[in-house]
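Residue strings, one per chain:
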Protein chains: 2
Amino acid sequence: MSTDKMSVKVNVDLQKERQKCNFNIQEVTFIFDGGKEQTLQRKKIEDIALNSGASIDSIPEECLGLKERYDNAVRKSCIYSRIVKNEILEITGLEALGNPVLRRTADAFFKEISPFMLHLGMFVPTIIGQCTEEQQAKWLPRALEMQIIGAYAQTELGHGTFIRGLETTATYDPETEEFVLHSPTLTSYKWWAGGLGNTANHCIVVAQLYTKGQCHGTHPFIVPIRDMETHEPFPGVKVGDVGVRMGFNTADNGFLSFNHYRIPRENMMMKNAKVLKDGTYVKVARHEKLTYGTMVFVRVTLVKEAAINLAKAATIAVRYSAVRRQSQPKPDAPEPQIIDYPTQQHKLFICIATAHALQITGDWLWRTFKDVLADMRGGNTDSLPELHALSSCLKAISTSDSAAYIEQCRFACGGHGYMLSSNLPLIYSFVTATRTYEGDYTVLLLQTARFLVKAWEQVEAGKSVTPTVSYLTLAATKEKVLWNDFAEGIIRSFQAVAARKISACAETIKRHMKTGICYEDAWQLTTVRLVSAAESHCRSVICQTYWNEITRLTASCSTNVKIVMEQLATLYLIYWALERSGDLLRYSTISEKDLNRLQERYEELLALIRPNAVGLVDAFDFRDEILRSTLGAYDGRVYERLMEEALKSPLNDGPVQASFHKYIKPLTKGKL
Amino acid sequence: MSTDKMSVKVNVDLQKERQKCNFNIQEVTFIFDGGKEQTLQRKKIEDIALNSGASIDSIPEECLGLKERYDNAVRKSCIYSRIVKNEILEITGLEALGNPVLRRTADAFFKEISPFMLHLGMFVPTIIGQCTEEQQAKWLPRALEMQIIGAYAQTELGHGTFIRGLETTATYDPETEEFVLHSPTLTSYKWWAGGLGNTANHCIVVAQLYTKGQCHGTHPFIVPIRDMETHEPFPGVKVGDVGVRMGFNTADNGFLSFNHYRIPRENMMMKNAKVLKDGTYVKVARHEKLTYGTMVFVRVTLVKEAAINLAKAATIAVRYSAVRRQSQPKPDAPEPQIIDYPTQQHKLFICIATAHALQITGDWLWRTFKDVLADMRGGNTDSLPELHALSSCLKAISTSDSAAYIEQCRFACGGHGYMLSSNLPLIYSFVTATRTYEGDYTVLLLQTARFLVKAWEQVEAGKSVTPTVSYLTLAATKEKVLWNDFAEGIIRSFQAVAARKISACAETIKRHMKTGICYEDAWQLTTVRLVSAAESHCRSVICQTYWNEITRLTASCSTNVKIVMEQLATLYLIYWALERSGDLLRYSTISEKDLNRLQERYEELLALIRPNAVGLVDAFDFRDEILRSTLGAYDGRVYERLMEEALKSPLNDGPVQASFHKYIKPLTKGKL
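Quantities reported herein were computed from a predicted structural model and do not represent experimental measurements.

Draft legend 1. Expanded view of the overall build of chain A. The number of helices and strands found in chain A is 22 helices and eleven strands. Whereas a compact globule of 672 residues would reach a radius of gyration of roughly 26 Å, chain A reaches 27 Å, a difference of no more than 12%. Expressed along its principal axes, the backbone C-alpha trace of chain A runs to roughly 90 × 80 × 60 Å. Counting over 672 residues, chain A shows a buried share of 64%.

Draft legend 2. Looking closely at the sheet that holds strand β7 (residues 237–241) of chain A. All names here are of chain A. One open sheet holds the three strands; their spatial order is β4-β8-β7, and the pairing between them is antiparallel. Single-partner strands in this sheet number two, and they are β4 (190–193) and β7. Each strand of the sheet is rotated relative to its neighbour by a mean of 20°, with strand direction disregarded. Bridge analysis of β4 against strand β8 (residues 254–258) gives three bridges, and the strand direction is antiparallel. Paired with Ala193 across the two strands is Gly254, which belongs to β8.

Draft legend 3. Spotlight on the pairing of strand β9 (residues 261–264) of chain A. Residue and element names in this part refer to chain A. Of the two faces of β9, only one is covered, namely that formed by Tyr261 and Ile263; the face formed by Arg262 and Pro264 stays uncovered. Of the pairings in the sheet, the one linking strand β3 (residues 178–182) to β9 comprises four bridges and is antiparallel in character. What sits directly across from Glu178, in β9, is Pro264.

Draft legend 4. Focus on the environment of Thr554 of chain B. Residue and element names in this part refer to chain B. For Thr554, the location among the structural elements is in the loop between α15 (527–553) and α16 (559–579). Classification of Thr554 as buried rests on a relative accessible area of 6%. C-alpha separation for the pair Thr554 and Glu566, spaced twelve residues apart in sequence, amounts to 8.9 Å. Discounting chain neighbours no more than four positions away, the residues touching Thr554 are Ile31, Lys562 and Met565.

Draft legend 5. Structural view of the pattern of salt bridges. Inspection of every chain in the model, using the stated rule, returns 111 salt bridges over all chains. The partner of Arg610 of chain B in a salt bridge is Glu17 of chain B, with the nearest N and O atoms 2.8 Å apart. Of this pair, Arg610 of chain B sits in the loop between α18 (592–609) and α19 (613–618) while Glu17 of chain B sits in helix α1 (residues 12–20), and the two are 593 residues apart along the sequence. Glu17 of chain B carries the same exposure label as Arg610 of chain B, and that label is buried. With a closest N to O distance of 2.8 Å, Arg623 of chain B and Glu625 of chain B form a salt bridge. A residue is classified by how much of its surface remains accessible, and Arg623 of chain B, at 4% relative accessible area, is buried. Connected through shared salt-bridge partners, Asp33, Arg42, Lys43, Glu46, Arg104 and Asp621 of chain A make up one network.

Draft legend 6. Spotlight on the relation of the copies chain B and chain A. Mapping chain B onto chain A calls for a rotation angle of 180° and an axial translation of 0.0 Å; the resulting RMSD is 0.0 Å. Taken together, the rotation angle and the small translation identify this as a two-fold axis. Measuring from the rotation axis to each C-alpha of chain B, the shortest distance belongs to Gly582 of chain B, at 1.7 Å. A share of 100% of interface residues in chain B that are also interface residues in chain A marks the association as one of identical surfaces.

Draft legend 7. Representation of the domain arrangement of chain A. Each assigned domain of chain A is listed with its residue range as follows: domain 1 (119–290) and domain 2 (441–590). For domain 1 of chain A versus domain 2 of chain A, the separation of C-alpha centres amounts to 40 Å.

Draft legend 8. Molecular detail of the interface of chain B and chain A. Counting residues at the interface gives 131 residues for chain B, matched by 131 residues for chain A. Taking both partners together, chain B and chain A bury about 11,300 Å²; carbon and sulfur atoms supply 61% of that area. Seen at the junction of chain B and chain A, the total is 16 salt bridges. Measuring nitrogen to oxygen at the nearest pair gives 2.9 Å for the salt bridge that ties Arg529 of chain A to Glu603 of chain B. The interface formed by chain B and chain A includes 47 residue pairs in polar contact (both at pLDDT 80 or more).

Draft legend 9. View of the packing of aromatic side chains. In total, this model carries 41 aromatic pairs over all chains according to the counting rule given. For the ring pair Phe109 of chain B and Phe110 of chain B, a centre distance of 6.0 Å and an interplane angle of 40° mean the geometry is tilted. The class for Phe109 of chain B is buried, based on a relative accessible area of 0%. Taken together, the ring pairs connect Trp192, Phe248, Phe430 and Tyr437 of chain A together with Tyr418 of chain B into an aromatic cluster. Stacked on the ring of Tyr634 of chain B, the Lys or Arg Arg18 of chain B has its end atom at 3.6 Å from the ring centre. The ring of Phe411 of chain A carries Arg435 of chain B above its face, with NZ or CZ at 3.8 Å from the centroid.

Draft legend 10. Region of interest: unusual backbone geometry. Residue and element names in this part refer to chain B. You will see that Asp332, though not glycine, has its phi angle at about 70°, which is positive. Note on placement: Asp332 falls in the loop between α8 (292–323) and α9 (342–377). By relative accessible area, Asp332 is classed as exposed at 76%.

Cut-off values and rules
Residues numbered from 1 in each chain as written. Chains lettered and ligands numbered in written order. Predicted model: local features only at pLDDT ≥ 70, side-chain atom pairs only at ≥ 80, totals over all residues. Heavy atoms only, no water. Helix = DSSP H or I, 4+ residues; strand = E, 2+ residues; numbered from the N terminus. Rg over C-alpha atoms; globule rule 2.2 N^0.38 Å. Buried < 20%, exposed > 50% of the residue type's maximum accessible area, 1.4 Å probe, protein only. Pairing = 2+ DSSP bridges. Axes fitted to C-alpha atoms, helices over the stretch in contact; angles between N-to-C directions. Contact = heavy atoms within 4.5 Å. Salt bridge = Lys/Arg side-chain N within 4 Å of Asp/Glu carboxyl O. Least-squares fit on C-alpha atoms with pLDDT ≥ 70 in both. Domains from an automatic or database assignment. Buried area = accessible area lost by both parts, 1.4 Å probe. Polar contact = N/O pair within 3.5 Å; in protein donor to acceptor, adjacent residues only side chain to side chain. Phe/Tyr/Trp six-rings, centres within 6.5 Å; stacked < 30°, edge-to-face > 60°. Lys NZ or Arg CZ within 6 Å of the ring centre and 35° of its normal.

What follows is the structure, given as structure tokens:
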């Protein structure tokens, strides 16, 4: 337990809740972190980064003007990146740049993300992934030493999802051995790149490569955009901030355009393709599918971020619900803690379970990816399409579920959840963005659906398929799957639902084609159902993974930890069975009686989990500096903290605001 | 069509969409506004308020600091209230204070609500509703002339939903003929009241009334809180801003506490109860149920606000989807408008339909309320509980649906929906708040559920029930209702679902009581299902009302208007039938084949509505000043407007921000 948790008086109700908890909290923390070593490393990193107090703002970020907020974020970014460079990377090694612990720690410094985040998160990894060794030797040390600060600009004002449609051009000029970067239209302006607006002096730019009059598609270039001495944008470069966003307002998202702007030939990132001095384009022989790597890596990170942010929201809402008292269902009885209302438990406990489910699925996906990577090095790429399909739907569902449940946590906190000082609105604004970027929800589910329909066609043709879709054979017979309400039975039924939906989509496509339209048009007409089928597939994967892994991970745990972890996982399965009762009624033998029994078990589980609820969120082990919430702090001093935060607002800096004299007084005196 | 729509060049794709539209847009505008006269009056009011340009900010509100934003809102509030007082009230009469047209017009002035809003929206109406004639003569003219500015403070830091639990006390002192207001605890601080933080000089305060040593429950008092000359809070009054919120940041939400603060006896609002000079408490004989009036009125307003805000979001997302092009499903074909993707239609068209459904249900509720009011004046209060139950669930479902669909519109706009300049995040932040205030979603649905269970008990006992629950007889037999997919059949099935869920809840309560627990405990254990039952009831009411009313309202319309309006209403019914397929499978005879047919019809409807989509949102008739959206303006200059707005940010006020010299340069030079 961190020292900051010990030094204050804890709300009496929270204290009682902690006495009620019947399991070993630390064991659950280890599970959530992915093991004891991970927990210890995380705590060590948190101690290094947070114990100096450098993360603390005297005025809340949201009370500052845009410029002040940005300046403050830059100031703290410098401190934080120094801590990372000098102290943390020694512990973790360079891989830590994508380590969720770093993100978690950074949350204590930045309510709304550092403008340097994508320097370490995208610029550096892209140099490692896309540069030749020679190029790496030039750029990597400078980037790691923060001598240059980089951004990554791919998306344009008019082009996001469809990368082939990017309009920015890089035309090779063999005369000067330079590339000429150009933005031919307003829609070709780069837009959204984090850190680009005012911070970065270099930028990786993705542009259509032209040489010898031929277009070779999009390639990445390292582009110096600002003078290192003056920070002025170079002539031919237009760069700035994209304007205020729903969140990420200190992330410095920028726009960028070029007017026939020249960079040396060597600034093309040449690991996968080269342009020779004379303008000859050379594709480097290399397994194209290796580029999946970064993408899968980013998606795993997003799945785990979704889990961690949902865990934060659940921590806030559960602790608040233990402190808050409301109404008087029985005369003369005291107002109950709102966590005692089953409707409140219904809103909150699924959030705790989902945080575990996503965290565990994220870990599993990462291990699966590393296995595939090992196979690929041995030349076997059979599992790649499956991995791509998996990472697509898991990214979509985890960010979407997580965002929805974070809002549910906010609703569960009533009006006070609407205060920024609860931190729930900011957590939501962050996670809801991840639903869109790095692959939009609908687009990704349709990518998974492509894979699923192909897999179904293989099953139909009697061919074998990869493990995560082997359940598709369930759809070969049109019989309803036999329902039983053991975990394995529920999972089996979910698989049958997915299988039947996928096969039905394949049939629908065929039916449309019989009217004379082409495959692609038939596909489009089926997309509403394809999205739903991909969602069902993903749900069955999460359910199965969560259940199998929690069984495995708790095998050597103490009894009560096993029990409570199994309760949560069962809650997850039953919750979704009830949510998807329509699917189960269509494709399994589930009866009205089964559904009623399931509802009863669900309500029984809420009651069983109730006494351990605060313990379960304590086990997520968020330090107050990271949680940043008046409602969710460990000590439960909810009302005191709300008041303390309010008083920090500039609107409370004196008893009378200037507008009284300027406007209100003349108005009330009839003189306006 | 407003002049501002004519003066600019319109995006070619939008122009084509408008040529495709096959119905008379104006007729649909009349339907949405509630009639031709309403449309004409609205346009007249909009012309008066907006044509001066007084609503326009040179710097976007969200780019200002908190203080500047508040000052600017006060400035515009003075202008706007003068326009309302001098010009608009003459057209509309005093009832217009709650008129949605005023709110709609105010949206052009305030992205985030005026600090004066609750002066006109709550302070003045409460004076009218709770003061004696003598008191009204004193306070009303001063309030209407803006000589005093008032707020309304009920909710406390520790008490929202449970009004009986309020802690602020007003103790009568017969010696001085004064009330002594006091805030005994931190949790008793008033919290949230709009306009209270820095603006109001008076406040209606709801406090526990004590006289002659006895508590008489909560009563309202008019409390002067700030000196009219200096605006300083009076001694004994502590008042300020509650801190930054997810939205409403110019609404000046405040806190307020009293330290034995005295006000004259006459400041108790005495229409419903009096305290005589000697301290005798006198309840005025008056139908208590008349106080339902204000509550129902506020809820109707919220239903209609939910509709209008959803209509705004749909306008933005549909126009953007007609302008935005993405991907290349077929080689060599141009990128399609994203509105051509069925998944996009699936996200958006339900939003258009829901806006109509809620608007129409809101109008119907208001007419029903006026009928009940007339009955009550004749002494008949039989319909009141039904009306209360109706307004409760309609407020809950309309604000919740609307908020969810507004987010869906934002998702449908991809990354650009995340820009504040799209206005979608602000619209969401506004509507999601209405889900909580004036009755939380879950609390209100449980109030409706109380009524429904009672009604079911009456049906079981063979007694007659009021019209909106007469369908409960459907649950008397346990037979599944016969499915048919005509509108009436779908509605009938929804009613059967609601009836069966309600009767099942009643059974569950009985079953729990058999274990020996009391009714209230049994009720609590059933609340998760009760919420779901009340939702089903509300859905059936909306479906039936929308269908009946749209048939009635289009009776004299031109054919194509009839067709498109019927398409939307049918879409609404089928959408919800598919969403609730589990319920229908449990309680109706719907088959797998029926569900497949329904899915096909749903997809056919999307295709039928597609060519009229832009026409349908044009028919909502929002002026650009009210929509305030870079993505949704009538001219479709999406990318130009995004860029123009971005350039207004203070982060683009020069090529180099101060933080470069302070932090970034020393960092890159290794000197930090």
